[in-house]
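Okay, here's what each chain looks like letter by letter:
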Amino acid sequence: MNSKTDTPARSGIPVEKLSGYRNREILHIFNTFFHNESTGGILLLICAIIAVTFATLPGCGWFDRMWETHAGIDIGSFSIDMSLRHWVNDALMAVFFFVVGLEIKREMLVGQLSSIKRSILPIVAALGGMIVPAVIYWAFNASHPESAQGWGIPMATDIAFAIGILSLLGNRVPASLKVFLTALAIVDDIGAIIVLAVFYPTHALHLDFLVYAGIILAVLAAFNSMKLKAKFLYIIPGIVMWYFTYRSGIHATIAGVLLAMVIPSKGSINEIRFQSRISLLLEKFKLTSNRQMNVLTSPEQQHIIHSMNNEIKGVDPLLHRLESKLHPVVTFLIMPLFALANAGVALDFSSISSGGISAITLGIFFGLLVGKPAGIFLFSFISIKLKLAARPTGVNWKQLASIGVLGGIGFTMSIFINNLAFSSPELVDIGKISILITSASAALLGLAAMSLSCKDKAPELTAEEILPDETNRIKSVK
C-alpha cells in the first residue's frame, strides 16, 4: 500500500494530514496549558506574599479578621452559614477539585494516563513522591501525637508553581519532561484526594447525608449512561451533592471530584459526521457569499453559522467545555483567593519552637525537600532499570533528578491539608511557615538544578516523540 495515497477507510483524509492535524493539536494543548499554569503560578506567588505581608505587619490584623466574617444563605427553612475563609476552602475549592477531577478523567481517557505503557512511569514516580515524604514526616513526628496527623502535608506537588519555574528556562527544558511533570502532578492529585477523603474528615461522619450524596451521584451516573449532555442536569444536582457531602463530614471538596467523574466525556456526534457536515456547511456558506467585505452576514449565512455552531457543540464533549471555561476561573480567581485566605502567617519565626526546631518543621522540610525528589527519582530509576517503564524521550538522568526537586514545591495542597491536620492554631501556623520556607527552597534549588541540567536548547520533539502511543493510534487507522 502506498502511504502517500492511502486514506482511512471512512474519513477520506490522508493519514499524513490527519496525523499532522493531531500533532499540532496536541502540541497546542500543551503549550496553552503550560502558559496558563506559569502565569497562574506567578499570580499565586504574589497573593501569598500579600497574605504573609498583611499577617506580619503591625496594625494589619483587620485582613485576617476579614476572612472570619460570616456570610450565609437562607431560603425558607434551609440555611447555611460559614466564614469567608470557609466559603473559599469548602465551596470555591470544590470548583478547583472539580477541574482537577476533569483533568484526571481526561488524562485517563485520552492523555498520558490512558494506557498502561504511558502511565507506568508517572504513576510509579508519583507513588515514590508520596510514600517517601510521608515516611520521613512520620519518622520525625511518630512520638508526637499532636503533630503525627500531619503526615499528608509533604505528599503534594503544586503544579502551578512547578510549571512556573520551568517556564523561566524557556526552550531549554525538553517538552517530554514537561509532559512527565504534568502527568506526575495529576497522579499526585489523585493520591492527595484519596488521602483527603479517607484520613482528613472535617467532623464526625453522618451516614444519612452520605447516602443522600450517593443517591445523587448514582442519578448523575445514570444521566451520563443515558447520554444526556445538558450541563445544568449535572451542575444543579452537583451543588446539592456538595451540600450533602459538606454535611456528611467528608470534606466538601470531594464532591467536586465525584461530580467530575460523571460528566460526559463524549460528544453527541462522531468525528466523521462532524467533518462531512462542516465541509457541507462551508460550501453552502461560500455559495451564499457575495464576496464583499460586509460586517454583517446575510440571513442565510447566519443560519449556516448557527448550524456550524451546533455541530461544534455536538462534537465537543461537556467535559472539555467545562474544563476550558473553568480553568481560567480556577487559575486566576479561586487559587489567588485561596492564597490570600490561607497563606497569611506572621514571619516572626518564634512560633516555630521556643526550645528548638519543631518536629513539624523537620518533617515538612525534609519530607518535601529530600523525600519528594528522592522518592520520585528512586522509584523512576528502579522502574526504568527493571524495564517496567521507559525514560521520557530526550531526558537524561540529571534532568529526571532535577524535576524531582521541583516536586518539593507543595504550596497549595500542602496548606490545604495542613489546615485540616491540626486543631491547634499554633500548630497550623508552624505548618504554614514550614511549608512556605520549604516550598521557596525547593523552587530555588529546583531552578538551579534544572539550569545546570538543561544548559543548552532542548531538541525540538514531534508529537510522535512526546506521545508515541497517540501517533501509533493515528497510524493504525490505515
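Residues numbered from 1 in each chain as written. Predicted model: local features only at pLDDT ≥ 70, side-chain atom pairs only at ≥ 80, totals over all residues. Heavy atoms only, no water.

Undergrad: What am I meant to see in the pattern of salt bridges here?
TA: Any two side chains of opposite charge can pair if their charged atoms end up close together. Across all of its chains, the model carries five salt bridges by this definition. When the shortest N-O distance is used, the salt bridge between Glu 323 and Arg 106 registers 2.7 Å. Taken together, the residues span a long stretch of sequence, with Glu 323 in helix α12 (residues 318–342) and Arg 106 in helix α3 (residues 84–110) at a distance of 217 residues. With a closest N to O distance of 2.5 Å, Asp 188 and Lys 372 form a salt bridge. Of this pair, Asp 188 sits in helix α6 (residues 175–199) while Lys 372 is found in helix α13 (residues 359–385), placing the two residues 184 residues apart along the sequence. For the pair Asp 188 and Lys 372, one class covers both residues: buried. What you see here is one network of salt bridges that share partners, running through Asp 64, Glu 68 and Arg 85. (Salt bridge = Lys/Arg side-chain N within 4 Å of Asp/Glu carboxyl O. Helix = DSSP H or I, 4+ residues; strand = E, 2+ residues; numbered from the N terminus. Buried < 20%, exposed > 50% of the residue type's maximum accessible area, 1.4 Å probe, protein only.)

Undergrad: Is there a simple way to think about the layout of surface pockets in this case?
TA: The method is simple in principle: a probe with the dimensions of a water molecule rolls over the atoms, and the space it marks as empty is what remains. Size it by volume and the second largest pocket reaches roughly 840 Å³. Arg 85, Asn 342, Asn 419, Val 428 and Lys 432 are the residues nearest the centre of the second largest pocket, which is lined by 42 residues in total. Listing elements by their share of the lining of the second largest pocket, those giving two or more residues are α1 (15–56), α2 (61–67), α3, α12, α15 (411–421) and α16 (425–453). When the residues that make up the lining of the second largest pocket are grouped by side-chain class, the tally is 23 nonpolar, 12 polar and seven charged. (1 Å grid on protein atoms, 1.4 Å probe; cavity = no way out; pocket = protein on both sides within 12 Å on 5 of 7 lines; lining within 4 Å. Points joined across faces, edges and corners; volume = space filled by probe spheres on them. Nonpolar A, V, L, I, M, F, W, Y, C, P; charged D, E, K, R; others polar.)

Undergrad: I'm lost on the pairing of strand β1 (residues 70–75) in this one. Help?
TA: Within β1, only zero of the six residues are buried, leaving the element largely exposed. Looking at chain direction, β1 and strand β2 (residues 78–83) are connected through six bridges and run antiparallel. Across the sheet, the residue bridging to Gly 72 is Asp 81, located in β2. Taking the residues that link successive antiparallel strands as the turn, the β1-β2 hairpin has two residues, and the phi of Gly 76 there is positive, at about 60°. (Pairing = 2+ DSSP bridges.)

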